[in-house]
Amino acid sequence: MRLDKLLSHAGFGSRRDVKELIKKKLVTVNNEVVRKVNIKVDPDKDIVEVNQKQVIYEENVYFMLNKPDGYLSATIDNKFPVVTDLINGYDHYDLFPVGRLDKDTEGLLIITNDGALNHKLTSPNYEVPKTYYAEIQGKVTEEDVKLFSQGVVLDDGYHTKPGQLKIITSDHLSKIELTITEGKYHQVKRMFKSVDKEVVYLKRIKMGEIKLDESLKLGEFRRLNEIEMNYCHSL
Ligand code: URA
């Protein structure tokens, strides 16, 4: 690929900024000072350095974010903050969230620039299970568990696929975990609405084999680790 594209992608600014670096003789490829902007390099073989520091080129990047309440699962909005605003230092990648969490939903959101992975994790054909922790107004019952296991009918007539509902505590406020394999709009909230109950707090805790890292505070992110990346590649 073109050296200026590689450097721009690796965070060294626009192509014009890269041109300046080259002009200042700060860029080397395999220890030779670069004099032309439009040379080509092989990111897997050539050693590219800026200011004597090796540039690690990554085409795709993968993050786990603990999404806080108040952020839209979008890349741009003129009214509310968006989740990609939280991934500081990676503005030069075209990052987007994998699937959507409602503005008031917290928890696990994968952020990447890899469209193929996005498709696999969100397409209904792959049936990747997503697990949510939720707090529900009122008592969640064994009858709800049974109904969810058969799939419920949402307000628009859609019959959901089976959901696995686990009651953690059941009281005037119930705590539950629900695993579903699809992602219809407001699905968890609407599934509870179908049994006359209201979700008052919602957090995604797992997607496929990727679990929310509980050491991440709300709004914090980290790279996916090797095990998580291996899972993504296995899809
Ligand atoms: N289901 C919902 O209702 N909201 C979410 O954010 C995710 C799943």
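### Considerations on the pairing of strand 5 (residues 62-67)
Thinking step 1. Within strand 5, six of the six residues are buried, which leaves the element mostly enclosed by the surrounding structure.
Thinking step 2. Burial along strand 5 is two-sided: Tyr 62, Met 64 and Asn 66 facing one way and Phe 63, Leu 65 and Lys 67 facing the other are all buried.
Thinking step 3. Looking at chain direction, strand 5 and strand 7 (residues 106-112) are connected through six bridges and run antiparallel. Opposite Met 64, over in strand 7, you have Ile 110 as the bridge partner.
Thinking step 4. Judged from the three bridges that link them, strand 5 and strand 13 (residues 221-223) form a sheet pairing that is antiparallel. Counterpart to Met 64 in the pairing with strand 13 is Arg 222.

### Re the environment of Gln 52
Thinking step 1. With respect to the secondary-structure elements, Gln 52 resides in the loop between strand 3 (48-50) and strand 4 (53-54).
Thinking step 2. In this structure Gln 52 comes out as exposed when scored by relative accessible area, which is 75%.
Thinking step 3. In this structure, the C-alpha to C-alpha distance between Gln 52 and Thr 131, residues 79 residues apart in sequence, is 46 Å.

### Topic: the environment of Ile 47
Thinking step 1. Looking at the secondary structure, you find Ile 47 in the loop between strand 2 (32-33) and strand 3.
Thinking step 2. Separated by 15 residues in the primary sequence, Ile 47 and Glu 32 place their C-alpha atoms 9.8 Å from one another.
Thinking step 3. Dropping the residues within four chain positions of it, Ile 47 is found in contact with Thr 28, Val 29, Asn 30 and Gln 54.

### Some thoughts on the sheet that holds strand 2
Thinking step 1. Sheet architecture is open: four strands sit in the order 2-1-3-4, paired in antiparallel fashion. In the strand order of this sheet, the two ends are held by strand 2 and strand 4, each with one partner.
Thinking step 2. Taken together, the two bridges between strand 1 (residues 27-29) and strand 2 define a ladder with antiparallel strand orientation. The partner of Thr 28 across the bridge, within strand 2, is Val 33.

### Concerning the domain arrangement of the chain
Thinking step 1. In terms of domain boundaries, the chain breaks down into domain 1 (3-54), domain 2 (62-124 + 210-234) and domain 3 (130-207).
Thinking step 2. Using only C-alpha atoms to locate each centre, domain 1 and domain 3 end up separated by 52 Å.

### A short note on helix 4 (residues 142-150)
Thinking step 1. Among the residues making up helix 4, those that are buried are Asp 144, Val 145 and Phe 148. The arc enclosing the buried residues of helix 4, seen along the axis, measures out at 105°, which places them on a common side.
Thinking step 2. Turning to helix 4, the residues buried within the fold contact strand 9 (164-169), strand 10 (173-180) and helix 5 (187-193).
Thinking step 3. Just downstream of helix 4, Gly 151 is the residue with a positive phi angle, here 85°.

### A word on the environment of Gly 138
Thinking step 1. Of note, Gly 138 is situated in the loop between strand 8 (130-137) and helix 4.
Thinking step 2. Between the alpha carbons of Gly 138 and Ser 170 there is a distance of 7.7 Å; along the sequence they are 32 residues apart.
Thinking step 3. Contact partners of Gly 138, with chain neighbours within four places excluded, come to Asp 171, His 172, Leu 173 and Ser 174.

### Some remarks on the nonpolar core
Thinking step 1. In terms of nonpolar packing, the biggest core is built from 29 residues, with Ile 111, Phe 148, Leu 165, Ile 176, Leu 178, Val 188 and Phe 192 touching the most fellow members.
Thinking step 2. Counting residues per element, the ones that place at least two in this core are strand 5, strand 7, strand 8, helix 4, strand 10, helix 5 and strand 11 (198-207).
Thinking step 3. Counting contributing residues, this core receives three or more from each of domain 2 (62-124 + 210-234) and domain 3 (130-207).
Thinking step 4. Sequence-distant contacts of Val 188, that is, excluding residues within four places in its chain, are made with Tyr 132, Leu 178, Ile 180, Val 199 and Leu 202.
Thinking step 5. One finds Met 64, Val 128, Leu 212 and Leu 224 within the second-largest nonpolar core, a separate group that totals 16 residues.

Cut-off values and rules
- Residues numbered from 1 in each chain as written.
- Predicted model: local features only at pLDDT ≥ 70, side-chain atom pairs only at ≥ 80, totals over all residues.
- Heavy atoms only, no water.
- Buried < 20%, exposed > 50% of the residue type's maximum accessible area, 1.4 Å probe, protein only.
- Helix = DSSP H or I, 4+ residues; strand = E, 2+ residues; numbered from the N terminus.
- Pairing = 2+ DSSP bridges.
- Contact = heavy atoms within 4.5 Å.
- Domains from an automatic or database assignment.
- Arc of directions from axis to C-beta.
- Core = buried A, V, L, I, M, F, W, Y, C linked by side-chain atoms within 4.5 Å.

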